[in-house]
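Below, each chain spelled out in residue letters.
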Amino acid sequence: GKTIEAGLIWTELRARYEARRLLVVCPAMLREKWCLELRARFGMRADIMNTSQLLKYLKQNKYETPEGYAVVCSLQGLRPTPNNVEEKKGNKNRKELARFLDEQSDNDPIIDMVIIDEAHYLRNPATQTAKLGQLLRGVSEYFILLSATPINLRSLDLFHLLKLVDQDSFDDKEIFPEVLAANQPLQQARELSLNKTKSSKEIFEKLSLAMSHRFFNKSRILKGLLESRLTDKDLENDAERIKLAEKIGKINLLRHAVTRTRHREVKEWRVLRETVKKFIKLDPDGPESLFYNAVTNTIREYAEERNISSGFLLAGPQRQISSCMYAAAIAWSNKPDDSKKIIKEQLYEDFGRGEDTDIEKLSPLIEKLTTIVLPSFDINELRIHDSKYNKFRETLVVHLTDNPNEKIIVFSFFRNTLHYLSERLSEDGIKSTILMGGMSTTKQDIIDE
């Protein structure tokens, strides 16, 4: 949905204003997907570029860019490095790009449109990722932020994203909560108007409440709606309800900056999902409970020694061992550097802070887990007594027995879990294929296979 929507906006800009230079910035794992989607759906050539390649490209005359061309880069690869970070080659290129973008901010835009996918990563203005967003905003004519997870954001996070889109309209964070509060009755009235079971009285009560706010008491559209006196009989017509919802939407204070499509608003070809949660209770005296508690207590001790929030540090390792204890233990013992990277990425995912966390501060933590916790356990016991895998296998076997021609997709936060599951499933006679970023085979080839 959002990829196609952004592509349609770009197509319109090309038709209206001969826009040429499109930059897509997304998490590294989504770069190939963007190239494929732009080519397949819009007939556009798209190239993946690193920092130095992008810098060289942006220094060229914009009108040398061929029509129907896009550049795709990763958020992680472009974000500026903090000033106190050592100038390695990659960091040097990122700093040079940041300097160039900053210098160009007072000139005519050098990029026609920037699309940032998974834009919720820019929600914290103190991070280097948000700094990248600010730099790109300063050199672009049009700026699109895409996210499928806005519902998880706090109002202040939403404010920072809106400020990137339209700095003039969203320059005062103190007044923003009042904007949201004023909008709320309108949002509710719009939803009521699309619900056939709701009466005109309920809808107009919300509209009257909105009219009482100082932001709306002079709104002619809202006044006109209240004076229209639509009845329940009028609203028996679906078209009338949709028309009313559209009129209400036009009054929304955020309408020029935000468009939101919810699953429940898409009526055609809706997928019906039934969620079945499986809770696996650990044996309190078994190796899994003992391992989980040992890891947790060790991290808390480490946090207390260094006066760090234990909740902040626990997020990564606990997520790993909740995914798969055996895979986490193997990763910590065999590839401590990979584990540091995984924990850092998880901190970024959970708190928006991982990117600014000095990875070397995580080294003693991983070392403590490998030298204090792991020697106290027989890792193979975690494999033998993997209660989560046993329940997983049992569920798979029942489902595949009843539905032998169906395929199943299994998601995991961690690569080590994927490799472990593939190995165990193979031992149990269930074929599987791994699909993740950074593989030698392209994602589309694996999907086709």
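Residues numbered from 1 in each chain as written. Predicted model: local features only at pLDDT ≥ 70, side-chain atom pairs only at ≥ 80, totals over all residues. Heavy atoms only, no water.

Q: Can you help me understand the packing of helix H12 (residues 287-306) against helix H14 (residues 325-334) in this one?
A: The packing of two helices is summarised by the inter-axis angle and the distance between the axes. For the pair H12 and H14, interaxial distance at closest approach is 11 Å and the crossing angle is 50 degrees. With respect to H14, the element H12 is oriented oblique. Where H12 crosses over H14, the two elements pack in a sense that is left-handed. Here H12 contributes Glu-288, Phe-291, Tyr-292 and Val-295 to the contact with H14, which in turn contributes Met-325, Ala-329 and Trp-332. Of the residues assigned to the contact of H12 with H14, the class counts are six nonpolar, no polar and one charged. (Axes fitted to C-alpha atoms, helices over the stretch in contact; angles between N-to-C directions. Helix = DSSP H or I, 4+ residues; strand = E, 2+ residues; numbered from the N terminus. Parallel < 35°, antiparallel > 145°, perpendicular 65-115°, else oblique. Left-handed = near helix turned anticlockwise from the far one by under 90°. Contact = heavy atoms within 4.5 Å. Nonpolar A, V, L, I, M, F, W, Y, C, P; charged D, E, K, R; others polar.)

Q: Explain the state of the cysteines here, please?
A: Such a bond, covalent and formed between the sulfur atoms of two cysteines, is termed a disulfide. Inspection of every chain in the model, using the stated rule, returns zero disulfides. Unpaired in terms of disulfides, Cys-26 finds its nearest cysteine sulfur in Cys-35, a separation of 8.1 Å. Sulfur of Cys-73: no disulfide; nearest cysteine sulfur belongs to Cys-26 and is 8.5 Å away. Owing to a relative accessible area of 0%, Cys-73 belongs among the buried residues under this scheme. (Disulfide = S-S within 2.5 Å. Buried < 20%, exposed > 50% of the residue type's maximum accessible area, 1.4 Å probe, protein only.)

Q: How do you make sense of a negative patch on the surface when you look at a structure like this?
A: Taken together, the side chains of Glu-202, Glu-205, Asp-232, Asp-234 and Glu-236 present a region of like negative charge at the surface. We classify Asp-234 as partly exposed; its relative accessible area is 32%. (Patch = residues over 30% accessible without salt bridge, like charges linked within 9 Å, V, L, I, M, F, W, Y side chains within 5 Å. Areas by Shrake-Rupley, 256 points an atom, 1.4 Å probe, with all protein chains shown as cover. Salt bridge = Lys/Arg side-chain N within 4 Å of Asp/Glu carboxyl O. Lys, Arg positive; Asp, Glu negative; His and termini not counted. Charge placed at Lys NZ, Arg CZ, Asp CG, Glu CD.)

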